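# Chain and residue survey
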Amino acid sequence: MLKQRPFLIETLTAIGLIAAPFVLPHLGFAPNTVNRILVWGLFGLGFDILFGFTGLLSFGQSAFYGTGGFVAAYLLTRAGFGNVLVALIIGMIAAAATGYVIGLIALRRTGIYFAMITVAIAEVFYFVEFNPLSDFTGGENGLPGVPMPSFNLGFTTIHFTDGWSLYQFIALCYFIGVIIALRIVRSPVGAIFSAIRDNPLRATAVGHNIHGYKLTAFVIAAAYAGFAGGLLGVLQAFMPPDAFTFDTSGQLVMQTAIGGRGTLFGPLVGAAVWLFLQDFLQAALDLGAAWKLVLGVVFVLLVCFLRGGIVGGLADLYRLVSGKRARKEAEQQTEIGAARPLPAPMQAREVAHPAYSGPILKATGLTKRYGGLVANSNVDFSVDQGELRGIIGPNGAGKSTFFKMLTCEIAPTSGQIVFEGRDITGLKVTEVCQLGLTKSYQVNQLFTGLTVRQNLTIAALAELRGKFRLDLFRKLANVKGLSEQVEHTLALVNLTARADTQVAELAYGEKRRLEIGLALATSPRLLLLDEPLAGMSPRERVETVKLLKSIARGRTMIIIDHDMDSLFELVQRVTVLQEGRVLLDGTPEEIRTNAAVQEAYLGGVNGEIAA
Ligand SMILES: Nc1ncnc2c1ncn2[C@@H]1O[C@H](COP(=O)(O)OP(=O)(O)OP(=O)(O)O)[C@@H](O)[C@H]1O
């Protein structure tokens, strides 16, 4: 997420765009090259939201570039449309609508399969443009005669002709594109895009409908592509058929990688490098088609040594310089923070059925089979409101599988789960979290590219906004109750002093606390903690047990852990699982002294269960 300094980036962009015609000619850039760079930059703004911010690598953006371009060009050249801007907007809408339909199909898969589907779909579009639709698109001849834009102001008409005159129109479009993109990435939706890129599993588990948000990013990228495609026709006075080719999609991906993904301006910088090299090497050095060899070397070097691209590299340098000072301050604050008393417990979200007074959770006959292996068999389990329950069992007893079924991460083979009187068997993990049941993971599931505060923001947004909302232009700061909830959770997990630290820089114990914080920030009424003390040093364990005691006040929790002493100190009752079945259920004292438990858990070691 970009740092929120009001209007700084917007102002710098405006200054850059105004200064460009005065500066760039001295660097050897012709106006037509600058205009092409801006069109690629605009195309790349949407692509960067999709790829850089949401982590979805599409190789099929040419489908939308071509669709927007040909719809606009057709309206202007064949359908007698006079208004260029309106034609461009209609082209953009057509591309966005196409993006919606394609997104519904392509987003059914992730990773390489998603990328391959986008390639295949773009190829279909290329074929359709050349064959069945060639009467409309001009086939291999494209559509010539696309007019330049002009605006009738009543008393005068502004005509944008070619060169620097057209630059003014394209630069204005690019500037508006930047303003919109910045608003989107700074909105709650933008924050969730970054969460999906970093850890889609956790984004789902804290209660976001990630499919809806991915589709949103896909449509936004298609809309930008469509508008840029229309501008290409205007810029060249001709809509070229190669807008639909795979080369177009590939060039966009490479330019974004060169310039830096997740920066919004990376594609623009990448396009500048690409087109400058193309013009310089082809024309000035007379390299002909061999210029691509040089480009290939530049690309490989950049990807190997500057993984964040040019803009990303500059941003890293800035962070390095400013980060040293911030770290020093943070270290000082950590010492102060460690001595701070923990705050009062945060309120859990409101109960859906206040009249309901039965057990908060009831599982009946819960069974999970993996082929021939039975991870859980016929488990009956019930937890009362406000209870603190522990679950123990030897490795492989089925504890984590049981939690996964309770949070609906995996579906049981048979059995029923009832949460606050409502049958939740078969619901999705997102829906269950929205109802107020969530868990912290045995293995940390954090948003690793974000700061501690941003991590907790993602979780809190799921409770405050529900699983899906299109508040694309709302500022994060304007989400009611968000900053209070985040600050409170930070204090609760004792990470206030580390709020603006990147997750990668946290100590292990701090990461574990953040893991618990992510679950807490959704204000659950039932919190499951899967081995919260795992891998901690003795000192970190003591601190975390203190933390868990504080969290536990007024909350219902079920905790799995192998650290018996700490667990027995925390909980009121303990359920023992063995080979997927419930062996015993009782108070910590009953469990500690039970011979069957000792036999099962410790293989018959005499005396009490020890840690
Ligand atoms: N996705 C899966 N596919 C196949 N088998 C699985 C899967 N997940 C768990 N199992 C098996 O189910 C059994 C129970 O595993 P589970 O992780 O629930 O145990 P656990 O009690 O949490 O163990 P630990 O204390 O080591 O975390 C194990 O035998 C495990 O190998």
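Residues numbered from 1 in each chain as written. Predicted model: local features only at pLDDT ≥ 70, side-chain atom pairs only at ≥ 80, totals over all residues.

## A closer look at the overall build of the chain
Selection rule: What counts as a helix is a DSSP run of H or I of at least four residues, what counts as a strand is a run of E of at least two, and both are numbered from the N terminus. Exposed residues have 12 or fewer other C-beta atoms within 10 Å of their own C-beta, buried residues have 20 or more, and residues in between are partly exposed; the C-beta atoms are placed from the backbone. Contact between residues is assigned whenever the C-beta positions, reconstructed from backbone atoms, fall within 7 Å.
Across its full length, the chain holds 23 helices and 14 strands. Here the chain holds 611 residues, and the buried ones make up 46% of them. Expressed as a percentage of contacts within the chain between residues at least 6 apart in sequence, the contacts between residues at least 24 apart total 75%.

## Observations regarding the nonpolar core
Heads up, the condition is: For this entry, the nonpolar core is defined as buried Ala, Val, Leu, Ile, Met, Phe, Trp, Tyr and Cys residues connected by C-beta atoms within 7 Å. What fixes the domain bounds is an automatic or database domain assignment.
With 165 residues, the main nonpolar core has Leu42, Ile49, Ile170 and Leu231 as its most contacted residues. Examining the composition of this core, we find that 17 residues originate from one element, helix α10 (residues 210–236), more than from any other. In terms of domain composition, this core takes at least three residues from each of domain 1 (34–317) and domain 2 (361–436 + 524–611). The contacts of leucine 42, once residues within four sequence positions are left out, are Cys173, Tyr174, Gly177, Tyr224, Phe227, Ala228 and Leu231.

## Overview of the sheet that holds strand β7 (residues 388–392)
What counts here: Here the rule is simple: two strands pair whenever DSSP picks up at least two bridges between them. For helices, the fitted axis covers only the stretch in contact; all axes are lines through C-alpha atoms, and the angles between them, taken along N-to-C directions, range from 0 to 180 degrees.
Strand order in the open sheet made by the six strands is β10-β11-β12-β7-β13-β14, with mixed pairing throughout. Looking at the sheet topology across the chains shown, the edges are occupied by β10 (437–440) and β14 (581–586). Strand-to-strand, the axes of this sheet are offset by a mean angle of 20°, without reference to chain direction. Note that β7 and strand β12 (residues 556–560) share four bridges and pair parallel. Counterpart to leucine 388 in the pairing with β12 is methionine 557. Here helix α19 (residues 508–520) sits on the sheet in contact with β10 and β11 (526–530), set at roughly 175° to β10.

## Some words on the packing of helix α4 (residues 84–106) against α10
Stated formally: Should the near helix be turned counterclockwise from the far one by less than a right angle, the crossing is left-handed, whereas a clockwise turn marks it as right-handed.
Contact geometry for α4 and α10: axes closest at 7 Å, N-to-C directions at 145°. The crossing of α4 and α10 is right-handed.

## Some words on the domain arrangement of the chain
Let me state the cut-off plainly: Under the scheme applied, nonpolar residues are Ala, Val, Leu, Ile, Met, Phe, Trp, Tyr, Cys and Pro; charged residues are Asp, Glu, Lys and Arg; polar residues are all the others, including Gly.
Domains assigned within the chain are domain 1 (34–317) and domain 2 (361–436 + 524–611). Computed from C-alpha coordinates alone, the two centres of domain 1 and domain 2 are separated by 50 Å. Taken together, the contact pairs six residues of domain 1 with four residues of domain 2. In the side of domain 1 that touches domain 2, the residues fall into two nonpolar, four polar and no charged.

## Considering the site of the ligand
Heads up, the rule is: To decide nearness, the C-beta atom of each residue is placed from the backbone, and the residue is near a molecule or strand if that atom lies within 6 Å of it.
Taken together, the neighbourhood of the ligand is formed by Tyr370, Leu373, Ala375, Gly393, Asn395, Gly396, Ala397, Gly398, Lys399, Ser400 and Thr401. With three residues, helix α15 (residues 399–406) is the largest single contributor of residues to the shell around the ligand.

## Comments concerning the UniProt feature "transmembrane region" (unreviewed entry) in the chain
As a reminder of what qualifies: UniProt positions are given in the numbering used here, feature names are shortened, and annotations may be inferred rather than shown by experiment.
Under the feature "transmembrane region" (unreviewed entry), the UniProt entry names residues 7–25, 37–56, 87–107, 112–128, 166–185, 215–238, 258–277 and 289–315. With 84% helix and 0% strand, residues 7–25 has its two end C-alpha atoms placed 28 Å apart. Within the segment residues 37–56, helix and strand shares are 85% and 0% respectively, and the terminal C-alpha atoms sit 23 Å apart.

## Details of the sheet that holds strand β8 (residues 414–419)
Reading across from one edge, β6-β5-β8-β9 is the order of the four strands in this open sheet, with antiparallel pairing throughout. In this open sheet, the two edge strands, each paired with only one partner strand, are β6 (373–383) and β9 (422–423). With two bridges connecting them, β8 and β9 associate as antiparallel partners. If you follow phenylalanine 419 over to β9, its bridge partner there is arginine 422.

## Description of the pairing of β10
On a regular strand, one side chain projects to one face of the sheet and the next to the other, so that they alternate. Along β10, one buried face is formed by Leu437 and Lys439 and the opposite face, lined by Thr438 and Ser440, is buried too. By the bridge criterion, four bridges tie β10 to β11 in an arrangement that is parallel. Bridge assignment links lysine 439 to a residue of β11, and that residue is leucine 528.

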